[in-house]
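Results of the structural survey
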Amino acid sequence: MEKEELKNIIECLLFFSDKPLSIEKLAEIMESGSFDETKEAIEDLQKEYELRNSGLQVLNIAQGYQICTRGEFSHWVRKLYKAETTFQLSLPALETLSIVAYKQPVTRGEIENIRGVDASYVLRTLLEKRLIRISGRKKLPGRPILYATSQEFLRYFGLKDLSEIPSLEEIKPPASG
Amino acid sequence: MDYKNDSGTDYKVRLEVFEGPLDLLLHLVRKNDLDIFNIPIAEITADYLNYIKLFRKLNLDFAGEFLVMASTLIHIKSRMLLPSIETVEEEEAEDPRAALAARLMEYEKFKEAASILKEREVIQKGIYGRLPLLPQDEDYTIEATLFDLLDAFQRVAFRVEKEVREIIQEDIKVEDRIQEILSLLENKRFINFEAIFSGQTTKRLLIVTFLALLELIRSKMVFARQARLFGDIRIYKAKRELVA
């Protein structure tokens with residue numbers, strides 16, 4: 001398959017899909033084209049969109065790729081589409097999520113030790129929003145449930161994978177004052 | 001039980017003055033520009049207790065954890081006042097504040113991590129991907145979880161709660177409802193989740209029906225599926241009915 005053709009097919013698929021598509025999935029659909037060729041074609045496509053200052057971008061999120069609008073045009077999109085744009089996570093939810101992200105798999109007790117408050121309500125809501133998932137049970141008395149982040153977590157925060165969030169060592173508390 | 005329909009509203013339940021005792025303590029440390037490893041425990045305890053008094057005065061709901069922290073602070077304070085027995089033998093006795101300082105440090109890191117996530121959330125909110133297309137019948141492939149079922153049930157129950165005024169005593173068994181759900185599915189591949197509850201006007205009846213549905217799912221006689229996350233739920237009849 002021609003390089004150009006490969007790129008155009010990928011563009012079609014990414015345009016049509018309502019969720020990120022992995023390189024493996026794209027390569028599988030196209031039958032020909034190796035992992036590396038597919039990856040190269042996606043990256044070419046990404047550059048093309050950037051070079052011509054497109055209103056769209058090819059994002060690398062949740063271990064896949066998706067064609068999305070650019071942030072600077074959000075105002076116009078919101079004029080067209082109003083639903084569910086105002087919802088944002090609360091501070092307790094964000095704090096709990098960050099603990100799950102860094103300490104996963106983690107139990108409710110471990111989260112509560114760090115935050116110093118009950119976490120059951122927040123955990124339930126995060127589960128409902130599918131931002132976290134139950135990854136198993138810890139081999140401790142009572143076999144407490146272990147929580148981990150989900151694919152939806154990556155998608156929600158626009159992360160390629162977990163390595164994109166800074167490590168705990170890198171995080172510096174804000175300058176006091 | 002609280003049947004809230006709008007899933008967005010129950011995120012913030014209480015006035016978010018401080019997330020918890022550690023949050024308050026951290027605020028006091030930062031406000032007064034204190035060294036986290038050398039906290040003047042007497043002052044900070046007084047400060048902390050003043051806040052608790054203020055919460056009371058303002059009639060704010062605060063969790064019991066705030067009081068636990070107050071007692072921890074007082075405990076540390078008393079340990080620092082008393083001469084330690086071990087100091088004679090051990091050169092460096094452990095600072096009673098060390099454990100608290102470590103907790104504060106760790107908590108502050110996660111607070112910062114949360115604000116990094118917050119920034120990403122704001123950016124990501126302005127970026128839109130394609131919306132899911134209208135689901136086709138063969139798209140109903142996602143197994144609905146218990147949470148999805150509970151959500152859907154809450155929506156049904158919420159609606160009924162508004163409409164019903166009369167209370168009628170009735171005797172209804174889960175087994176009967178199981179048979180009725182199965183008969184609804186007769187000659188059909190699926191029915192909508194809501195359809196199972198249609199015409200049911202009491203909470204008791206709704207709950208019994210819901211239990212019947214859960215039992216059917218558990219015994220794999222029916223499947224609950226959706227086309228996308230948070231989408232409508234359809235109840236499908238199992239291809240081959242399992243004989244108990």
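Note that the structure is predicted; figures quoted are calculated from it, not measured. (Residues numbered from 1 in each chain as written. Chains lettered and ligands numbered in written order. Predicted model: local features only at pLDDT ≥ 70, side-chain atom pairs only at ≥ 80, totals over all residues. Heavy atoms only, no water.)

1. A word on the overall build of chain B
Let me state the cut-off plainly: Helix and strand definitions here come from DSSP, where helices need a minimum of 4 consecutive H or I residues and strands a minimum of 2 consecutive E residues; each element is numbered from the N-terminal end. For each residue, the accessible area found with a 1.4 Å probe, counting protein chains only, is set against the maximum for its type, and the residue is called buried under 20%, exposed over 50%, and partly exposed in between. In this description, accessible areas are obtained by the Shrake-Rupley approach with a 1.4 Å probe, and a residue is regarded as covered only by the protein chains that are shown.
Counting its regular elements, chain B contains eight helices and four strands. Expressed as a percentage of its 244 residues, the buried residues of chain B come to 35%. Entry remark: accessible area of chain B is about 15,200 Å², with carbon and sulfur atoms responsible for 55%.

2. Some details on the environment of B:L150
Residue placement: B:L150 occurs in helix α5 (residues 146–163). Look at B:L150 and you get partly exposed, because its relative accessible area is 26%.

3. Quick look at the environment of B:L184
Residues and elements named next belong to chain B. To keep it simple, the criterion reads: We call two residues in contact when some of their heavy atoms are within 4.5 Å.
Tracing the backbone through its elements, the reader meets L184 in helix α6 (residues 174–184). As for L184 and A195, which are separated by eleven residues in sequence, their C-alpha atoms are 9.0 Å apart. Not counting residues within four places of it along the chain, the set of residues in contact with L184 comprises I191 and I196.

4. Quick notes on the packing of aromatic side chains
Selection rule: Paired rings are identified among Phe, Tyr and Trp, the last through its six-membered ring, by centres lying within 6.5 Å, and are further divided according to the angle between planes into stacked (under 30 degrees), edge-to-face (over 60) and tilted (the rest).
Applying the stated criterion across every chain, the model contains nine aromatic pairs over all chains. Seen in terms of ring centroids, A:Y156 and A:F157 are 5.0 Å apart; in terms of plane orientation they differ by 75 degrees. Their pairing is edge-to-face. On the accessibility criterion, A:Y156 (10% relative accessible area) is buried. Assessed through its relative accessible area of 0%, A:F157 is described here as buried. Where B:F153 meets B:F210, the ring centres are 4.2 Å apart and the plane angle is 10 degrees; that geometry is what we call stacked. With B:F153 in helix α5 and B:F210 in helix α8 (residues 203–218), this pair connects stretches of sequence that are 57 residues apart. The same class applies to B:F153 and to B:F210, which are both buried. One aromatic cluster in this structure is built from B:F153, B:F193, B:F197 and B:F210.

5. Things to note about the interface of chain A and chain B
As a reminder, the rule being used: Buried area is calculated as the accessible area (1.4 Å probe) missing from two parts once they are joined, with the contributions of both summed. Definition used for salt bridges: Asp or Glu carboxyl oxygen within 4 Å of a side-chain nitrogen of Lys or Arg.
The partner chain B presents 47 residues to the 61 residues of chain A that form the contact. When the two sides are added together, the surface that chain A and chain B hide from each other amounts to roughly 5,000 Å², 60% of it contributed by carbon and sulfur. Three residues, A:I114, A:R130 and A:F157, lead the burial of chain A against chain B; their summed loss comes to 12% of the area buried on that side. At the junction of chain A with chain B, the criterion picks out three salt bridges.

6. Digging into unusual backbone geometry
The linkage connecting A:Q104 with the following residue, A:P105, adopts the cis geometry, with an omega of -5 degrees. One can find A:P105 in the loop between α5 (91–103) and β3 (106–107). One non-glycine residue, A:R143, lies in the positive phi region at around 40 degrees. Its place among the elements puts A:R143 in the loop between β4 (132–137) and β5 (145–149). Positive phi outside glycine occurs at B:K220, with the angle close to 60 degrees. Here B:K220 is to be found in the loop between α8 and β3 (222–226).

7. A short note on the nonpolar core
For clarity, the cut-off: The term nonpolar core refers to a set of buried residues drawn from Ala, Val, Leu, Ile, Met, Phe, Trp, Tyr and Cys, joined through side-chain atoms within 4.5 Å.
Counting residues in each nonpolar core, the largest one holds 31 residues, and the members touching the most others are A:L89, A:L97, A:L126, A:I132, A:F153 and A:F157. The leading source of residues in this core is α5(A), at six residues. Residues in contact with A:F157, not counting those within four places in the same chain, are A:L89, A:L94, A:L97, B:L117, B:R120, B:E121 and B:Q124.

8. Comments concerning the packing of helix α6 (residues 108–115) of chain A against helix α4 (residues 98–125) of chain B
Test applied: Axes, fitted as lines to C-alpha atoms, cover a helix only where it is in contact. Angles between the N-to-C directions of the axes lie from 0 to 180 degrees. Angle categories are assigned with fixed cut-offs, so that under 35 degrees is roughly parallel, over 145 is roughly antiparallel, 65 to 115 is roughly perpendicular, and the rest are oblique. Classification used: nonpolar for Ala, Val, Leu, Ile, Met, Phe, Trp, Tyr, Cys and Pro, charged for Asp, Glu, Lys and Arg, polar for all others including Gly.
Look at α6(A) against α4(B): their axes get within 8 Å of each other, and the N-to-C directions meet at 105 degrees. For the element pair α6(A) / α4(B), the angle class is roughly perpendicular. Residues A:N113, A:I114 and A:R115 of α6(A) lie in contact with α4(B), whose contacting residues are B:R103, B:E106, B:Y107 and B:F110. Here the contact of α6(A) with α4(B) is built from residues that sort into three nonpolar, one polar and three charged.

9. What to know about the packing of helix α1 (residues 21–31) of chain B against helix α2 (residues 41–57) of chain B
Residues and elements named next belong to chain B. Going by this rule: The hand of a helix crossing depends on one turn: near helix anticlockwise from the far one by less than a right angle means left-handed, and clockwise means right-handed.
Look at α1 against α2: their axes get within 10 Å of each other, and the N-to-C directions meet at 125 degrees. Between α1 and α2, the angle falls in the class oblique. Crossing of α1 over α2 shows right-handed handedness. In contact with P21, L24, L25, H27, L28, V29 and K31 of α1, α2 contributes I44, D47, Y48, Y51 and F55.

10. Observations concerning α5(A)
All names here are of chain A. Put simply, the test is: Helix span, expected: 1.5 Å multiplied by one less than the number of residues in the helix.
An ideal rise of 1.5 Å per residue puts 18 Å on 13 residues; α5 measures up with 18 Å between its terminal C-alpha atoms. Among the 13 residues in α5, ten count as buried, and that is most of the element. Taken residue by residue, α5 has P92, A93, L94, E95, T96, L97, S98, I99, V100 and A101 as its buried positions.

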